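Per-entry structural report
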Amino acid sequence: MSTHPTLRRLCAVLATAGGLIASTAAPAAERAFIIPPPAEQQPANAATATATQEKAVIAGGCFWGVQAVFQHVKGVSNAVSGYAGGQANTANYNAVSGGRTGHAEAVEITYDPKQVSYGQLLQIYFSVAHDPTQLNRQGPDHGTQYRSAVFPANDSQRKVAEAYIAQLNKTGVYPKALATTIEPLQAFYPAEDYHQDYLVRNPNSMYIVINDVPKVENLAKTFPDSWRDKPVLVSAKEK
(Lines give C-alpha, C1' and ligand atoms only; values in the text may rest on other atoms or scores of the structure.)
Protein backbone atom coordinates (compact mmCIF):
# COMPACT_ATOMS: atom_id res chain seq x y z
CA MET A 1 0.00 0.00 0.00
CA SER A 2 1.42 3.41 -0.93
CA THR A 3 1.74 6.20 1.61
CA HIS A 4 0.47 9.70 0.90
CA PRO A 5 3.43 12.05 0.22
CA THR A 6 2.40 14.47 2.97
CA LEU A 7 2.36 11.62 5.47
CA ARG A 8 5.77 10.44 4.22
CA ARG A 9 7.17 13.92 4.80
CA LEU A 10 5.64 14.06 8.28
CA CYS A 11 7.15 10.69 9.16
CA ALA A 12 10.51 11.81 7.87
CA VAL A 13 10.54 14.98 9.92
CA LEU A 14 9.46 13.11 13.04
CA ALA A 15 12.46 10.87 12.52
CA THR A 16 14.62 13.96 12.18
CA ALA A 17 13.18 15.38 15.37
CA GLY A 18 14.04 12.16 17.15
CA GLY A 19 17.58 12.50 15.92
CA LEU A 20 17.77 16.03 17.27
CA ILE A 21 16.76 14.85 20.71
CA ALA A 22 19.39 12.14 20.63
CA SER A 23 22.19 14.36 19.37
CA THR A 24 23.47 17.87 20.02
CA ALA A 25 24.69 18.19 16.41
CA ALA A 26 22.82 20.67 14.24
CA PRO A 27 20.75 19.18 11.41
CA ALA A 28 22.09 19.55 7.88
CA ALA A 29 19.45 22.17 7.02
CA GLU A 30 20.91 24.56 9.61
CA ARG A 31 24.42 24.65 8.18
CA ALA A 32 25.62 27.64 6.19
CA PHE A 33 28.62 27.26 3.90
CA ILE A 34 30.79 30.37 3.84
CA ILE A 35 31.80 30.58 0.20
CA PRO A 36 33.37 33.15 -2.13
CA PRO A 37 31.29 34.89 -4.79
CA PRO A 38 31.53 33.53 -8.32
CA ALA A 39 34.66 34.59 -10.15
CA GLU A 40 32.69 34.63 -13.40
CA GLN A 41 29.56 36.74 -13.43
CA GLN A 42 26.88 37.02 -16.09
CA PRO A 43 28.42 39.22 -18.79
CA ALA A 44 26.88 42.58 -19.50
CA ASN A 45 25.14 42.89 -22.85
CA ALA A 46 22.27 44.75 -24.40
CA ALA A 47 19.70 42.31 -23.06
CA THR A 48 20.88 42.38 -19.44
CA ALA A 49 21.61 46.10 -19.51
CA THR A 50 18.04 47.03 -20.40
CA ALA A 51 16.15 44.22 -18.69
CA THR A 52 14.34 45.20 -15.51
CA GLN A 53 13.33 41.65 -14.59
CA GLU A 54 15.04 38.32 -15.20
CA LYS A 55 14.28 34.81 -14.02
CA ALA A 56 16.29 32.01 -12.48
CA VAL A 57 15.10 28.48 -11.74
CA ILE A 58 16.84 26.37 -9.10
CA ALA A 59 16.08 23.25 -7.07
CA GLY A 60 17.48 22.24 -3.72
CA GLY A 61 15.24 19.92 -1.76
CA CYS A 62 11.79 20.85 -0.50
CA PHE A 63 10.70 24.04 -2.24
CA TRP A 64 9.17 25.51 0.92
CA GLY A 65 12.50 26.48 2.40
CA VAL A 66 14.17 27.52 -0.84
CA GLN A 67 11.24 29.80 -1.65
CA ALA A 68 11.34 31.30 1.84
CA VAL A 69 15.03 32.15 1.54
CA PHE A 70 14.72 34.00 -1.74
CA GLN A 71 11.60 35.83 -0.65
CA HIS A 72 13.92 37.69 1.75
CA VAL A 73 16.58 38.63 -0.83
CA LYS A 74 16.81 42.25 -1.95
CA GLY A 75 16.17 42.64 -5.65
CA VAL A 76 13.87 39.60 -5.83
CA SER A 77 10.33 40.57 -6.79
CA ASN A 78 8.81 37.07 -6.76
CA ALA A 79 9.77 33.52 -5.80
CA VAL A 80 7.35 30.78 -6.83
CA SER A 81 7.43 27.14 -5.73
CA GLY A 82 6.91 24.67 -8.54
CA TYR A 83 8.27 21.86 -10.67
CA ALA A 84 10.94 21.62 -13.36
CA GLY A 85 12.53 18.78 -15.28
CA GLY A 86 9.47 16.76 -16.27
CA GLN A 87 6.33 16.97 -18.38
CA ALA A 88 3.26 19.14 -17.90
CA ASN A 89 0.94 16.20 -17.23
CA THR A 90 2.95 15.13 -14.16
CA ALA A 91 3.57 18.60 -12.74
CA ASN A 92 1.53 18.06 -9.58
CA TYR A 93 2.55 17.29 -6.02
CA ASN A 94 1.17 13.75 -5.79
CA ALA A 95 2.90 12.65 -8.99
CA VAL A 96 6.19 14.43 -8.30
CA SER A 97 6.38 13.02 -4.77
CA GLY A 98 6.59 9.53 -6.25
CA GLY A 99 10.05 10.40 -7.57
CA ARG A 100 9.51 9.00 -11.07
CA THR A 101 8.38 12.04 -13.07
CA GLY A 102 11.77 13.64 -13.75
CA HIS A 103 10.59 16.77 -11.97
CA ALA A 104 12.46 18.43 -9.13
CA GLU A 105 10.74 20.60 -6.55
CA ALA A 106 12.02 23.93 -7.87
CA VAL A 107 11.68 27.67 -7.33
CA GLU A 108 11.39 30.29 -10.05
CA ILE A 109 12.98 33.55 -8.94
CA THR A 110 12.12 36.83 -10.62
CA TYR A 111 14.79 39.44 -9.91
CA ASP A 112 16.13 42.83 -10.92
CA PRO A 113 19.67 42.29 -12.31
CA LYS A 114 20.52 45.88 -11.39
CA GLN A 115 19.99 45.04 -7.71
CA VAL A 116 21.14 41.43 -7.49
CA SER A 117 23.11 39.43 -10.03
CA TYR A 118 22.54 35.85 -11.11
CA GLY A 119 25.90 35.02 -9.53
CA GLN A 120 24.80 36.48 -6.20
CA LEU A 121 21.63 34.39 -6.31
CA LEU A 122 23.76 31.29 -6.88
CA GLN A 123 26.04 32.23 -4.00
CA ILE A 124 23.03 32.35 -1.66
CA TYR A 125 21.71 29.11 -3.17
CA PHE A 126 24.97 27.22 -2.61
CA SER A 127 25.56 28.75 0.82
CA VAL A 128 22.34 28.85 2.84
CA ALA A 129 19.41 27.59 0.72
CA HIS A 130 20.51 23.93 0.73
CA ASP A 131 23.43 21.52 1.04
CA PRO A 132 24.65 21.05 -2.54
CA THR A 133 26.75 18.00 -1.66
CA GLN A 134 23.72 15.82 -0.93
CA LEU A 135 22.66 13.56 -3.78
CA ASN A 136 18.89 13.28 -4.30
CA ARG A 137 18.09 14.39 -0.78
CA GLN A 138 17.90 17.31 1.61
CA GLY A 139 17.44 16.85 5.33
CA PRO A 140 14.69 14.28 5.90
CA ASP A 141 13.56 14.21 2.27
CA HIS A 142 14.84 11.56 -0.16
CA GLY A 143 14.32 11.08 -3.90
CA THR A 144 15.26 12.58 -7.24
CA GLN A 145 12.56 15.21 -6.77
CA TYR A 146 14.74 16.67 -4.01
CA ARG A 147 17.92 16.86 -6.09
CA SER A 148 20.21 19.85 -6.26
CA ALA A 149 19.79 21.27 -9.75
CA VAL A 150 20.18 24.51 -11.67
CA PHE A 151 17.96 25.12 -14.70
CA PRO A 152 19.62 27.95 -16.68
CA ALA A 153 17.30 30.20 -18.64
CA ASN A 154 19.98 30.94 -21.23
CA ASP A 155 23.55 30.16 -22.25
CA SER A 156 24.92 32.99 -20.16
CA GLN A 157 23.38 31.59 -16.97
CA ARG A 158 24.64 28.12 -17.85
CA LYS A 159 28.22 29.33 -18.23
CA VAL A 160 28.10 31.17 -14.90
CA ALA A 161 26.67 28.11 -13.12
CA GLU A 162 29.19 25.70 -14.65
CA ALA A 163 32.13 27.93 -13.78
CA TYR A 164 30.88 28.50 -10.24
CA ILE A 165 30.40 24.80 -9.51
CA ALA A 166 33.94 24.13 -10.75
CA GLN A 167 35.23 27.00 -8.63
CA LEU A 168 33.44 25.84 -5.47
CA ASN A 169 34.70 22.28 -5.89
CA LYS A 170 38.24 23.64 -5.65
CA THR A 171 37.72 25.69 -2.49
CA GLY A 172 37.77 22.86 0.06
CA VAL A 173 34.79 24.45 1.82
CA TYR A 174 32.55 21.45 1.26
CA PRO A 175 33.14 17.97 2.69
CA LYS A 176 32.79 16.45 -0.79
CA ALA A 177 32.12 17.40 -4.38
CA LEU A 178 28.89 19.18 -5.23
CA ALA A 179 26.06 16.95 -6.45
CA THR A 180 24.38 19.83 -8.27
CA THR A 181 23.34 19.11 -11.85
CA ILE A 182 22.85 21.65 -14.61
CA GLU A 183 19.76 20.74 -16.60
CA PRO A 184 17.97 22.32 -19.57
CA LEU A 185 14.96 24.40 -18.66
CA GLN A 186 12.12 23.07 -20.76
CA ALA A 187 9.42 24.68 -18.65
CA PHE A 188 8.60 25.72 -15.10
CA TYR A 189 5.24 24.75 -13.63
CA PRO A 190 3.97 26.61 -10.54
CA ALA A 191 2.98 24.35 -7.67
CA GLU A 192 -0.45 24.18 -6.10
CA ASP A 193 -1.61 27.26 -4.18
CA TYR A 194 -1.21 25.66 -0.77
CA HIS A 195 2.53 25.27 -1.38
CA GLN A 196 3.06 28.99 -1.99
CA ASP A 197 4.31 31.13 0.93
CA TYR A 198 4.28 27.94 2.98
CA LEU A 199 6.68 29.12 5.67
CA VAL A 200 4.76 32.34 6.24
CA ARG A 201 1.46 30.51 6.38
CA ASN A 202 2.72 27.66 8.58
CA PRO A 203 5.43 29.12 10.85
CA ASN A 204 4.77 26.62 13.64
CA SER A 205 4.91 23.50 11.46
CA MET A 206 7.48 21.10 12.89
CA TYR A 207 8.96 20.55 9.43
CA ILE A 208 9.31 24.29 8.87
CA VAL A 209 10.81 24.99 12.30
CA ILE A 210 13.42 22.24 12.03
CA ASN A 211 14.37 22.42 8.37
CA ASP A 212 13.50 25.81 6.91
CA VAL A 213 13.52 28.56 9.54
CA PRO A 214 17.28 27.99 10.08
CA LYS A 215 17.88 28.63 6.36
CA VAL A 216 16.18 32.02 6.56
CA GLU A 217 18.08 32.86 9.75
CA ASN A 218 21.34 31.91 8.05
CA LEU A 219 20.53 34.21 5.15
CA ALA A 220 20.17 37.15 7.54
CA LYS A 221 23.42 36.31 9.32
CA THR A 222 25.54 35.33 6.34
CA PHE A 223 24.30 37.86 3.76
CA PRO A 224 23.19 40.91 5.77
CA ASP A 225 23.60 43.24 2.78
CA SER A 226 21.19 41.09 0.76
CA TRP A 227 18.66 40.64 3.56
CA ARG A 228 15.16 42.07 3.28
CA ASP A 229 13.15 41.80 6.47
CA LYS A 230 9.70 41.73 4.86
CA PRO A 231 9.36 38.78 2.44
CA VAL A 232 7.86 39.26 -1.00
CA LEU A 233 4.88 36.91 -1.15
CA VAL A 234 3.17 35.13 -4.01
CA SER A 235 -0.19 35.72 -2.37
CA ALA A 236 0.41 39.48 -2.51
CA LYS A 237 0.92 39.24 -6.28
CA GLU A 238 -2.43 37.53 -6.65
CA LYS A 239 -4.37 40.43 -5.16
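Residues numbered from 1 in each chain as written. Predicted model: local features only at pLDDT ≥ 70, side-chain atom pairs only at ≥ 80, totals over all residues. Heavy atoms only, no water.

Taken as a whole, this structure holds 6 salt bridges when the rule is applied. Asp155 serves as the salt-bridge partner of Lys159, at 3.4 Å between the closest nitrogen and oxygen. Placement of both Lys159 and Asp155 in helix α6 (residues 155-169) is noted, with a separation of 4 residues, approximately one turn of the helix. Judged by its relative accessible area of 39%, Asp155 falls in the partly exposed class. Close ionic contact of Glu162 with Arg158 constitutes a salt bridge, the shortest N to O distance being 2.9 Å. (Salt bridge = Lys/Arg side-chain N within 4 Å of Asp/Glu carboxyl O. Helix = DSSP H or I, 4+ residues; strand = E, 2+ residues; numbered from the N terminus. Buried < 20%, exposed > 50% of the residue type's maximum accessible area, 1.4 Å probe, protein only.)

This paragraph deals with the pairing of strand β6 (residues 148-151). Consecutive side chains of a regular strand alternate in pointing toward one face of the sheet and then the other. Because side chains alternate across β6, one face comprises the buried residues Ser148 and Val150, and the other comprises Ala149 and Phe151, equally buried. Sheet topology note: the strand β1 (residues 54-60)/β6 ladder contains 4 bridges and is antiparallel. Residue pairing for β6: Ile58 is matched across the bridge by Val150. With 2 bridges connecting them, β6 and strand β7 (residues 181-182) associate as parallel partners. Counted as the bridge partner of Val150 is Ile182 from β7. Each parallel crossover has a hand, and the one from β6 via α6 to β7 is right-handed. (Pairing = 2+ DSSP bridges. Right-handed = clockwise from strand over helix to strand, strands pointing away.)

As a further point, take the sheet that holds strand β2 (residues 76-84). If you walk across this open sheet you meet the 6 strands as β7-β6-β1-β3-β2-β8, and the pairing is mixed. Every other strand in the sheet has two partners, leaving β7 and β8 (188-190) as the edge strands with one partner each. Contacting β1, β2, β3 (104-111) and β6, helix α5 (residues 118-129) crosses the sheet at an angle of about 20 degrees to β1. (Contact = heavy atoms within 4.5 Å. Axes fitted to C-alpha atoms, helices over the stretch in contact; angles between N-to-C directions.)

Between its first and last C-alpha atoms helix α8 (residues 206-222) spans 24 Å; for 17 residues at 1.5 Å apiece the expected length is 24 Å, and the two agree. Residue Asp212 marks the point of greatest curvature in α8, where the axis turns by about 40 degrees; the proline Pro214 follows within four residues. All of the buried residues in α8 are Tyr207, Ile208, Ile210, Asn211, Asp212, Pro214, Lys215, Val216, Asn218 and Leu219. (Expected span 1.5 Å × (residues − 1). Bend = angle between axes of the 7 residues up to and from the residue.)

Mapped onto the present numbering, the UniProt feature "active site" (unreviewed entry) falls at Cys62. The residue Cys62 is located in the loop between β1 and α3 (63-70) in this model. Judged by relative accessible area, which is 2%, Cys62 ranks as buried. (UniProt positions renumbered as here; feature names shortened; annotations may be inferred.)

What follows deals with the packing of α5 against α6. Contact geometry for α5 and α6: axes closest at 10 Å, N-to-C directions at 40 degrees. On the basis of their axis angle, the class for α5 and α6 is oblique. For α5 against α6, the interelement crossing comes out right-handed. Residues Tyr118, Gly119, Leu122, Gln123 and Phe126 of α5 touch α6, and the partners they reach there are Gln157, Val160, Ala161, Tyr164, Ile165 and Leu168. Residues belonging to the contact of α5 with α6 are distributed by class as follows: 8 nonpolar, 3 polar and no charged. (Parallel < 35°, antiparallel > 145°, perpendicular 65-115°, else oblique. Left-handed = near helix turned anticlockwise from the far one by under 90°. Nonpolar A, V, L, I, M, F, W, Y, C, P; charged D, E, K, R; others polar.)

This model, assessed by the stated rule, comprises 6 aromatic pairs. With 5.7 Å between their ring centres and 55 degrees between their planes, Phe63 and Tyr83 make a pair best called tilted. Taken together, the residues Phe63 in helix α3 and Tyr83 in strand β2 connect sequence positions 20 residues apart. The residues Phe63 and Tyr83 share a single accessibility class, namely buried. Relative to Tyr198, the ring of Trp64 has its centre 3.7 Å away and its plane inclined at 5 degrees; by these criteria the two rings are stacked. One end of the pair, Trp64, is in helix α3; the other, Tyr198, is in helix α7 (residues 198-201), with 134 residues separating them in the sequence. Each member of the pair, Trp64 as well as Tyr198, is classed as buried. (Phe/Tyr/Trp six-rings, centres within 6.5 Å; stacked < 30°, edge-to-face > 60°.)

Phe70, Leu121, Leu122 and Phe126 are the most contacted members of the largest nonpolar core, which has 47 residues in total. Looking at this core, the element that brings in the most residues is α5, giving 8 residues. Setting aside chain neighbours within four positions, we find Leu121 in contact with Ala56, Phe70, Val73, Val76, Ile109, Tyr111 and Val116. (Core = buried A, V, L, I, M, F, W, Y, C linked by side-chain atoms within 4.5 Å.)

Take Asn218: it is sitting in helix α8. Sequence separation of Asn218 and Ile124 is 94 residues, and the distance between their C-alpha atoms is 9.9 Å.

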